[in-house]
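Listed here are the chains, written in short residue letters.
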Protein chains: 2
Amino acid sequence: MKIEYKNPDHIHTYMANLPAIDSATADQAHDRQQQLTKPPGSLGRLEDIAIWMAGWQGQEKPQIKAPACLIFAGNHGVAQNGVSAFPPEVTEQMVLNFQHGGAAINQLCQAAGASLNVFPLSLDTPTADFSEQPAMSVEDTLAAMQMGADAIPDDADLILPGEMGIGNTSSAAALSHLVFGGEADTWTGRGTGLDDDRLAHKISIITKAVNRVKNQTLDPVTMLSELGGRELAAIAGCVLAARLLRIPVLLDGFISTAACLPLWASNNAALDHCQISHYSKEPGHRHVIDALGKTAILDLDLRLGEASGAAIALQIVRSALAAHNGMATFAEAGVSDG
Amino acid sequence: MKIEYKNPDHIHTYMANLPAIDSATADQAHDRQQQLTKPPGSLGRLEDIAIWMAGWQGQEKPQIKAPACLIFAGNHGVAQNGVSAFPPEVTEQMVLNFQHGGAAINQLCQAAGASLNVFPLSLDTPTADFSEQPAMSVEDTLAAMQMGADAIPDDADLILPGEMGIGNTSSAAALSHLVFGGEADTWTGRGTGLDDDRLAHKISIITKAVNRVKNQTLDPVTMLSELGGRELAAIAGCVLAARLLRIPVLLDGFISTAACLPLWASNNAALDHCQISHYSKEPGHRHVIDALGKTAILDLDLRLGEASGAAIALQIVRSALAAHNGMATFAEAGVSDG
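Only a predicted model underlies this, so the values are computations on that prediction, with no experimental measurement involved. Residue positions within a chain follow its written sequence, with the count starting from 1. Just so you know, chain letters begin at A and ligand numbers begin at 1, following the order they were written in. Whole-chain, interface and lining totals are the exception, using all residues; otherwise, since this is a predicted model, local features are given only for residues with pLDDT of at least 70 and side-chain atom pairs are given and counted only at 80 or more. Based on all heavy atoms of the structure, the side-chain values leave hydrogens and waters out of the count.

A. Looking closely at the overall build of chain A. A run of H or I in DSSP counts as a helix once it spans at least four residues, and a run of E counts as a strand once it spans at least two, with each numbered from the N terminus. Counting its regular elements, chain A contains 16 helices and five strands. In terms of overall dimensions, chain A is globule-like: its C-alpha atoms have a radius of gyration of 20 Å, near the 20 Å expected for 338 residues. Overall, the C-alpha framework of chain A stretches about 70 × 40 × 40 Å when taken along its three principal axes. Residue contacts are counted whenever heavy atoms from the two residues lie within 4.5 Å of one another. Taking all contacts inside chain A whose residues are at least 6 apart in sequence as the whole, residues at least 24 apart take part in 78%. Areas reported as accessible are Shrake-Rupley estimates using a 1.4 Å probe. Residue values count occlusion only from the protein chains shown. When the accessible surface of chain A is split by element, carbon and sulfur atoms take 46% of a total near 11400 Å². Counting rule for charge: Lys and Arg are taken as positive, Asp and Glu as negative, and neither His nor the chain ends is counted. To locate a charge, take NZ of a lysine, CZ of an arginine, CG of an aspartate or CD of a glutamate. Separation between the mean location of the 21 positive side-chain charges and that of the 37 negative ones in chain A comes to 2 Å. C-alpha atoms define the radius of gyration in this analysis, and the globule rule sets the expected value at 2.2 Å times the number of residues to the power 0.38.

B. Molecular detail of the interface of chain B and chain A. Chain B puts 49 residues into the contact, and the matching count from chain A is 49 residues. Buried area is understood as the total, over both parts, of accessible area removed when two parts are fitted together, assessed with a 1.4 Å probe. Of the roughly 3800 Å² buried where chain B meets chain A, counting both sides, 66% is carbon and sulfur surface. Put simply, a salt bridge is a Lys or Arg side-chain nitrogen that is within 4 Å of an Asp or Glu carboxyl oxygen. Viewed at the interface, chain A and chain B are joined by zero salt bridges. The set of elements that each furnish at least two residues to the side of chain B that touches chain A consists of helix 3 (45–57), helix 4 (89–100), helix 5 (104–112), helix 15 (308–326) and helix 16 (330–333) of chain B. The dominant element in the side of chain B that touches chain A, judged by the number of residues it contributes, is helix 15 of chain B, at seven residues. The residue classification treats Ala, Val, Leu, Ile, Met, Phe, Trp, Tyr, Cys and Pro as nonpolar and Asp, Glu, Lys and Arg as charged. All others, Gly included, are polar. Class assignment of the residues belonging to the side of chain B that touches chain A gives a composition of 27 nonpolar, 15 polar and seven charged.

C. Just the packing of aromatic side chains, in detail. Residues and elements named next belong to chain A. The rule is short: rings of Phe, Tyr and Trp, with Trp giving its six-membered ring, pair when the centres are within 6.5 Å, and they are stacked under 30 degrees, edge-to-face over 60, tilted in between. A complete count under the given rule lists eight aromatic pairs over all chains for this structure. Consider the rings of Phe 180 and Trp 264, whose centres lie 5.3 Å apart with planes at 50°: the pair is tilted. Here Phe 180, found in helix 7 (residues 168–180), pairs with Trp 264, found in helix 13 (residues 261–266); they are 84 residues apart in sequence, far enough to count as distant. Burial status follows relative accessibility: with a 1.4 Å probe on protein chains alone, a residue under 20% of its type maximum counts as buried, one over 50% as exposed, and anything between as partly exposed. The partly exposed category is assigned to Phe 180, whose relative accessible area is 22%. Aromatic rings pair up to connect Phe 180, Trp 187 and Trp 264 into one cluster. Any Lys NZ or Arg CZ that is within 6 Å of a ring centre and within 35 degrees of that ring's normal is treated as a charge sitting over the ring. A cation sits over an aromatic face here: Arg 286 above Tyr 279, 4.1 Å from the ring centre.

D. Highlighting the environment of B:Asn211. Examined against the element boundaries, B:Asn211 turns out to sit in helix 9 (residues 196–213). Separated by 24 residues in the primary sequence, B:Asn211 and B:Ile235 place their C-alpha atoms 25 Å from one another.

E. Here's a closer look at the relation of the copies chain B and chain A. Mapping chain B onto chain A calls for a screw motion: a turn of 180° about the axis and a shift of 0.0 Å along it, with 0.0 Å RMSD after fitting. Those values place the two copies in the arrangement expected of a two-fold rotation axis. A shared interface surface links the copies, since 100% of the contact residues of chain B are contact residues in chain A too. A least-squares fit on C-alpha atoms brings the copies together, and the residues used are those whose pLDDT is at least 70 in both copies.

F. Main features of the pattern of salt bridges. Taken as a whole, this structure holds 15 salt bridges over all chains when the rule is applied. Where A:Glu4 meets A:Lys6, a salt bridge forms, and the shortest distance between an N and an O atom there is 3.7 Å. Among the salt bridges present, the one from B:Arg212 reaches B:Glu226, with a minimum N-O distance of 2.9 Å. A residue pair is termed long-range when its members are at least 10 positions apart, and B:Arg212 in helix 9 and B:Glu226 in helix 10 (residues 220–227) qualify at 14 residues. A relative accessible area of 8% places B:Glu226 in the buried class.

G. Region of the structure containing the packing of helix 7 (residues 168–180) of chain B against helix 9 of chain B. All names here are of chain B. Note on geometry: axes are C-alpha line fits, over the in-contact stretch for helices, and angles between N-to-C directions span 0 to 180 degrees. In the contact formed by helix 7 and helix 9, the axes pass within 9 Å of each other and the chain directions differ by 50°. Compared by their axis directions, helix 7 and helix 9 come out oblique. Crossing of helix 7 over helix 9 shows right-handed handedness. The residues of helix 9 that touch helix 7, namely those facing Thr 169, Ser 170, Ala 173, Ala 174, His 177 and Leu 178, are Lys 202, Ile 206, Val 210 and Val 213. Within the contact of helix 7 with helix 9, the residues separate by chemical class into six nonpolar, three polar and one charged. Any angle from 65 to 115 degrees is called roughly perpendicular, while one under 35 is roughly parallel, one over 145 is roughly antiparallel, and all others are oblique. The sense of a crossing depends on the near helix, which, turned anticlockwise from the far helix by less than a right angle, makes the crossing left-handed and, turned clockwise, makes it right-handed.

H. Geometry of helix 2 (residues 23–35) of chain A. All names here are of chain A. To estimate how far a helix should extend, the number of its residues minus one is multiplied by 1.5 Å. Helix length check: helix 2 (13 residues) gives 19 Å between terminal C-alpha atoms against 18 Å at 1.5 Å per residue, within 8%. Among the residues of helix 2, those classed as buried are Thr 25, Ala 26, Ala 29, Arg 32 and Gln 33. Seen from one end, helix 2 has its buried residues packed into an arc of 115°, which puts them on one side. Tucked inside the fold, the buried residues of helix 2 contact helix 3 (45–57) and helix 15 (308–326). N or O atoms within 3.5 Å of each other form a polar contact, as long as, within protein, one can give a hydrogen and the other can take it, and as long as residues adjacent in sequence are counted only when both atoms are side-chain atoms. Two or three places before Ala 24, at the opening of helix 2, Asp 22 has a side-chain oxygen 3.3 Å from that residue's backbone nitrogen. Starting at the helix axis, one direction is taken to each C-beta atom, and the arc is that of these directions.

Structural data, given as structure tokens:
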């Protein structure tokens, strides 16, 4: 299936025709869980994950043979306002660190058995300062979304999108504030480590940006063009493409989740094929997860990004499938079922 | 080091001479975390786990080469009161299921790369009904504790003790109630699946048992002899031996944690070498973890036992060490450190 995001109408058409979970297969997986040698429900979230994987992969015994971690990196004009504790050149330095195998995500992907690919998106051309003007053109937004779709390997059976971009918690906060309303300080946190004064300044920048656009009617592409960044648009494009391909997704932290809010705002079922890997320490993330009606898998006070939480959660999904696929039934094992 | 639990005095002597964490090595590991290519603290709990492992293993870059899952199984006289949704013969049936590779813990250990050994403890001789009399003699208690110590493989570098025993949430509830006081219903849950009437009956059994012994002065061995079971005594003996050998431990759920409360009651530092793997859905577990001043690693609504939560948490510990040992420092990677 060739996925093309050549103009906003393509996105609208895809969003109006999202494939649903295979309920019959999910039901088969649910029935299987009731027969395994354990008290019903005693594997808790692992049972839910196995059934969810079965439904999206369309097989009663789902498999993880080629989990793909895809990291998108971008630079942000809003960073010139001093909204990050690190300088913008760190984005490119960290891309090199990913490519040389030295970052956290390299070790975590290796531990979890995931492939890792890194996609730097025009790092020498930061987006515009979205507190003043749109972050990027619609064309640039669609191109970044297409990069996200095209990044999915042909054999991928689980996608772990991640990001790197100095300043991008500001983009995530602005999108969250735009989609869910409330006050900017609900969605705005310290990112990589701001002090109180700089946090207050960051909140004022987010408020200004959202006030600039909030009275417009906004479709997903426009939202990402106004307040996004290239890596956020790429994640949105990747997650939409995964849905069209019926590949389940492990979303990572605040930025990766916020990148998908424009999809959710357009269609509240758009993230049904996604699990949230963890509750980030960045406080906006928990509010976003609650607003989506989801529950994250892990709660480890992570606030790194890079898909780090998704790579760790992959091991939980592997455990869920190992139990689901490998356990004996009561009948097979000759165990009394209560 | 030969560990012998021949009489209660041996236990007293060990408890009064527990080795402490190697603080100098833990400090080195903490310093290393500050130099890795990530914002300080951004790996959250993973950083804490790596530093804790370094301190107990006594090496700045701790290793997991031979994690050992040890399952102890016992039968309980208290089960004759109808305190479990499953009949007592399921204990032995599940031991066979472990031995044949069909249980959840077999799949989870395989997924996490842990060895698995199962120790059935006199399954044809249930303990006495502890609501009426001591569950077992001091000699039987010490013998079970010794089994727990002797079960540790020579090369083990991380221990995951687990249990199987129809009726053993009653023993866990009674020990928790004895050690922490309060009301029996705080500590008593539905186990494998009791209805409301049978839960109320179970609470009355726990109350009766604790009232029988609570005015005595109780050392660890007596507590386990009065209210324990063989598999709980084995876990206590195993966890104490691991401490003496400076091997870190991942405790599993309510029963495994409660089995260690007699050690903690005798010396509040006795479980410093243990992490709690997860918050069980069995409600007493969260209360016990809070009372111990600990925070569990996972919260997945598990309530299976068998060390299932510990096997899953092992993958989190592996991720923590992968990042700690494998990441580049800011200097090595040429990344600006903010």
